Amino acid sequence: LSNPGTGRYNFTAALAGTSPDPYAVAPASGYVDPGQTVTLTVTPPAIPADSPITANLYADTLTIESDAYNDTPHNVAISQTARGAILAITPVFLDLGTVLLGATGTGSLSVANTGNAPAAVTFVSPQPVFSVSPQGQSVNAGATLAATASFKPTAVGAAAAIVSVTVPAGTALCDVLPTIELEGWGDVP
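Keep in mind that what you see is a predicted model, and the values were worked out from it rather than measured.

As a further point, take the side chain of Ser 51. Mapped onto the elements, Ser 51 comes out in the loop between strand S4 (41–43) and strand S5 (60–66). Taking relative accessible area as the criterion, Ser 51 reaches 3% and is therefore assigned buried.

Written out as structure tokens, the structure reads:
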């Protein structure tokens, strides 16, 4: 706020409170002396980890009023939209069947991003006989990544793993990232 006049004026600053999570404004009131300025700071809310990407979901209006002669309220639109990837995997369970020792069985998966930002996807398997590729591939907003699950048994019998998906911090709007359950059977030739 600036005061190019010759007298002090008082002001109040208030948010309409239309955002689902409140903003803060500081200072909320005060005065501006002639030839001086006062900076108002509007602090946005933290966006929840599982936020929808609705345009301007976190919008609000800041209204500034003063007692300056003939001054009318000043409305300042505040716009904020959650940004991030929202990931889903299909299928969430994949049986890679019976695979001979020394051979590799594969199956197809897809990773869909219904969010509004890309995310580099990495698959982490707790069992070395299972893997998913490609690794570190970016899935753009509104796109689907084709992936391949592999099973290369080292012993005869059943094997299973829950493969987790990781993305760089701050890129996903999923409260919990998806996982893939893989299983297969190792057999001798």
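What follows picks up the thread again.
This part covers the pattern of salt bridges. Evaluation of the coordinates by the stated rule reveals one salt bridge. Residue Asp 33 pairs with Arg 8 through a salt bridge whose shortest N-O separation is 2.8 Å. Taken together, the residues Asp 33 in the loop between strand S3 (29–32) and S4 and Arg 8 in the segment before strand S1 (9–15) connect sequence positions 25 residues apart. A residue is classified by how much of its surface remains accessible, and Asp 33, at 28% relative accessible area, is partly exposed.

On to the side chain of Asn 113. Its location among the elements puts Asn 113 in strand S9 (residues 105–113). Its relative accessible area of 1% is what places Asn 113 among the buried residues. Separated by 3.0 Å, the side chain of Asn 113 and the backbone oxygen of Val 139 make a polar contact. A distance of 3.4 Å separates the side chain of Asn 113 from the backbone oxygen of Asn 140, its partner in a polar contact. Here Asn 113 is in contact with Ala 85, Ile 86, Leu 87, Pro 118, Ala 119, Val 139, Asn 140, Ala 141, Gly 142 and Ala 143, once residues within four sequence places are set aside.

Reading guide: rules and limits
Residues numbered from 1 in each chain as written. Predicted model: local features only at pLDDT ≥ 70, side-chain atom pairs only at ≥ 80, totals over all residues. Heavy atoms only, no water. Helix = DSSP H or I, 4+ residues; strand = E, 2+ residues; numbered from the N terminus. Buried < 20%, exposed > 50% of the residue type's maximum accessible area, 1.4 Å probe, protein only. Salt bridge = Lys/Arg side-chain N within 4 Å of Asp/Glu carboxyl O. Polar contact = N/O pair within 3.5 Å; in protein donor to acceptor, adjacent residues only side chain to side chain. Contact = heavy atoms within 4.5 Å.

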